[in-house]
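Listed below, chain by chain, are the residues.
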Amino acid sequence: MTEAEPDANPESQGRDVLPDPPASPAPSSQQTVWAVFFGSVAMAIAFPAGELAAWFFSTPKRPPLHADPLFDLVPMVGVAVLIATWVFVFWSLIGSFLNVVVHRLPLGQSVVLGGSRCPRCHSAIKWHDNLPVIGWLNLRGRCRSCDLPIAARYPVVESICAGLCTAVYFRELLSGGANLPGRPPDFQHGGVLKLFPNPALDLIGLSLYHCGTLCVLLVWGLIAWDGRRVPSRSVLAVLGVATALPLVFPPLHPLGLTGGPGMIMGAVDAMDAWLMQGLAVSVAGGVAGLLSGLLLQWLLGRLLHGDASGRTGQPLGQPHAVGIGLALVGIVFGWQGMLGTMVLLLVACLVQALLWSALAEWPTVPTELLLVPATFLHLCAWRQLVVAFGPWWPASPTLACLAVLVAMVLAVAAAFAAIAPAPSRPQRNRETDPGHPGDQPA
Ligand SMILES: [Zn+2]
């Protein structure tokens, strides 16, 4: 679904007001939408493409992909591509729904009831204009009836949601869980054999659980980007569902509480062991994530002389939003996955600090939104990071990994302190910044 940008001026929403003179089409935003679309497709197929390239350049040639004879391989790849296309379209439709959630949730409106309408001419948006990405491009980003510009963010979010989740489909499901620590990857029966004839229910469940988490983080990040507030009730509902799902289906936690493997399908004898293990991993991860996020946000806010106005990605509406985001990550990935994601989040903060100093017009991307790429990249390389960095990676309780975390926090703190108090940065969709007494240099 697509909703046109709400008009800032309430008077212009009446029917009797003449429409604005047709503005020139905005080729830049159309190019942006096309670029993000192709970028998302590239992100979606990056892993199988990399696997294929590695095979192509390897000498001597390993047997192709999953050691299947060629006559089996070609139809299998064909089916995998067909399913991948379906997966991409499905998640772009979900992305379209997420746009509506981002728009309506902070306003307390129903996210399921009521079709999309143009906020100016109130005409219902036709189903074929509501198709993800294509609908927007076909309309050239304008309402069919009244020419009101429709924000390019809608197709961009649809593309990114589809790209992220299709990448997870390849990386987590079709690879046989090659990204997951605590369990051996199943290379022998990879590819579409993970879907039929004997579907790998644990991997299907894991990839859906992780895609859902990415979608929630995307919604929360975009709401923070808008300077709005996620209603507490919906936050609690999401955290509750994320905690409950592994209780129903324990393989959703690949790692146990102490770093060993989590519950493997078929290896469970006692029902209460299931419940205790699932609950312990979720609660430990959730509490660790909440505390780490609150501490991080407080520290970065302090370093900017108490400036919590969004300049460093601190959200306006929700001072504890990073804590909530990391709590969800902790519930879903356990405390080990949460700490790993936090390392990548700190890297993202560092990159943004560099972009701030290099590009004057680089906008303030809230930390909550940076959590989306951090969580995605950590998920895709989870096992590889644990293997590559050994005791230095926060996957087991070692002093070395604690030192890495502290060093990362200090590095980000130093980078932020070096650029604060920052010159006024472009604020996205935020109220005019009234400034803060703490902004003035002492
Ligand atoms: Zn209209």
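Residues numbered from 1 in each chain as written. Predicted model: local features only at pLDDT ≥ 70, side-chain atom pairs only at ≥ 80, totals over all residues.

Some points on the overall build of the chain
A tally of regular secondary structure across the chain gives eleven helices and zero strands. A total of 442 residues make up the chain; the buried ones form 42% of that total. Sequence separation of 24 or more characterises 76% of the internal contacts of the chain that already satisfy a separation of 6 or more. (Helix = DSSP H or I, 4+ residues; strand = E, 2+ residues; numbered from the N terminus. Buried ≥ 20, exposed ≤ 12 C-beta atoms within 10 Å, placed from the backbone. Contact = placed C-beta atoms within 7 Å.)

With respect to the nonpolar core
Membership of the largest hydrophobic core comes to 100 residues, with the highest contact counts inside it found for Cys161, Cys165, Leu214, Leu218, Val219, Leu328 and Leu345. Here the element with the most residues in this core is helix H8 (residues 321-358); it accounts for 22 residues. Residue assignment places this core across two domains, with domain 1 (1-7 + 26-174) and domain 2 (231-425) each supplying three or more. (Core = buried A, V, L, I, M, F, W, Y, C linked by C-beta atoms within 7 Å. Domains from an automatic or database assignment.)

Description of helix H11 (residues 399-419)
Spanning 21 residues, H11 covers 31 Å between terminal C-alpha atoms, matching the ideal 30 Å at 1.5 Å per step. Listing the buried residues of H11 in full gives Cys401, Val412, Ala415 and Phe416. The buried residues of H11 occupy one face: seen down the axis, they fall within an arc of 100°. Turned more than 90 degrees from where H11 packs its buried face, Leu399, Leu402, Ala403, Val406, Ala407, Leu410, Ala414 and Ala418 sit exposed. (Expected span 1.5 Å × (residues − 1). Arc of directions from axis to C-beta.)

Thoughts on helix H10 (residues 382-389)
Of all the positions in H10, only Trp382, Leu385 and Val386 are classed as buried. On an axial view of H10, the arc spanned by its buried residues comes to 100°, and they lie on one face. Exposed side of H10, more than 90 degrees from the buried face: Gln384, Val387 and Ala388 are the residues found there. Directly after H10, the chain includes Gly390, whose backbone phi takes a positive value near 55°.

A short note on unusual backbone geometry
Not every positive phi belongs to a glycine, and His122 is a case in point at roughly 60°. Mapping His122 onto the fold places it in the loop between helix H2 (70-104) and helix H3 (134-138). You can call His122 exposed: it has 12 C-beta atoms within 10 Å. Although it is not a glycine, Arg140 adopts a positive phi angle of roughly 55°. Mapping Arg140 onto the fold places it in the loop between H3 and helix H4 (153-174).

Observations concerning the environment of Glu51
Looking at the secondary structure, you find Glu51 in helix H1 (residues 27-57). Owing to 17 C-beta atoms within 10 Å, Glu51 belongs among the partly exposed residues under this scheme. For Glu51 and Ser175, which are 124 residues apart along the polypeptide, the C-alpha to C-alpha distance reads 10.0 Å.

Section: the packing of helix H5 (residues 201-225) against H8
Relative to each other, H5 and H8 sit at 180°, their axes nearing to 11 Å. Classed by the angle they form, the pair H5 and H8 counts as roughly antiparallel. Here Tyr209, Thr213, Val216, Leu217, Trp220 and Ala224 of H5 lie close against H8, whose contacting residues are Ala321, Gly325, Leu328 and Val332. For the contact of H5 with H8, the residue count by class is eight nonpolar, two polar and no charged. (Axes fitted to C-alpha atoms, helices over the stretch in contact; angles between N-to-C directions. Parallel < 35°, antiparallel > 145°, perpendicular 65-115°, else oblique. Nonpolar A, V, L, I, M, F, W, Y, C, P; charged D, E, K, R; others polar.)

Here we look at the packing of H8 against helix H9 (residues 367-380)
Put simply, H8 and H9 touch, their axes get as near as 7 Å, and they point 105° apart. By the angle between their directions, the pair H8 and H9 is classed as roughly perpendicular. Contacts between H8 and H9 pair Ala321, Val322, Gly325, Val329, Gly337, Gly340, Thr341, Leu344, Leu345, Ala348, Cys349 and Gln352 from the former with Thr367, Glu368, Leu370, Leu371, Pro373, Ala374, Thr375, Leu377 and His378 from the latter. Of the residues belonging to the contact of H8 with H9, the class tally is twelve nonpolar, eight polar and one charged.

Things to note about the confidence of the model for the chain
Taken residue by residue, the chain gives an average pLDDT of 78. The fraction at 70 or more is 75%. Counting interchain partners and residues more than four positions distant, the pLDDT-below-50 stretch residues 4-25 has 23 contacts. The low-confidence segment residues 306-317 (pLDDT under 50) makes 43 contacts with residues lying over four places distant or belonging to another chain. (pLDDT = per-residue confidence, 0-100.)

Brief notes about the environment of Thr32
By secondary structure assignment, the location of Thr32 is in helix H1. Sequence-wise, Thr32 and Arg153 are 121 residues apart; in three dimensions their C-alpha atoms are separated by 9.6 Å. Dropping the residues within four chain positions of it, Thr32 is found in contact with Ala152 and Val156.

Some remarks on the environment of Ala151
Structurally, Ala151 can be placed in the loop between H3 and H4. A tally of 19 C-beta atoms within 10 Å means that Ala151 is categorised as partly exposed. Along the backbone, Ala151 and Trp136 are 15 residues apart, and their C-alpha atoms lie at a distance of 9.1 Å.

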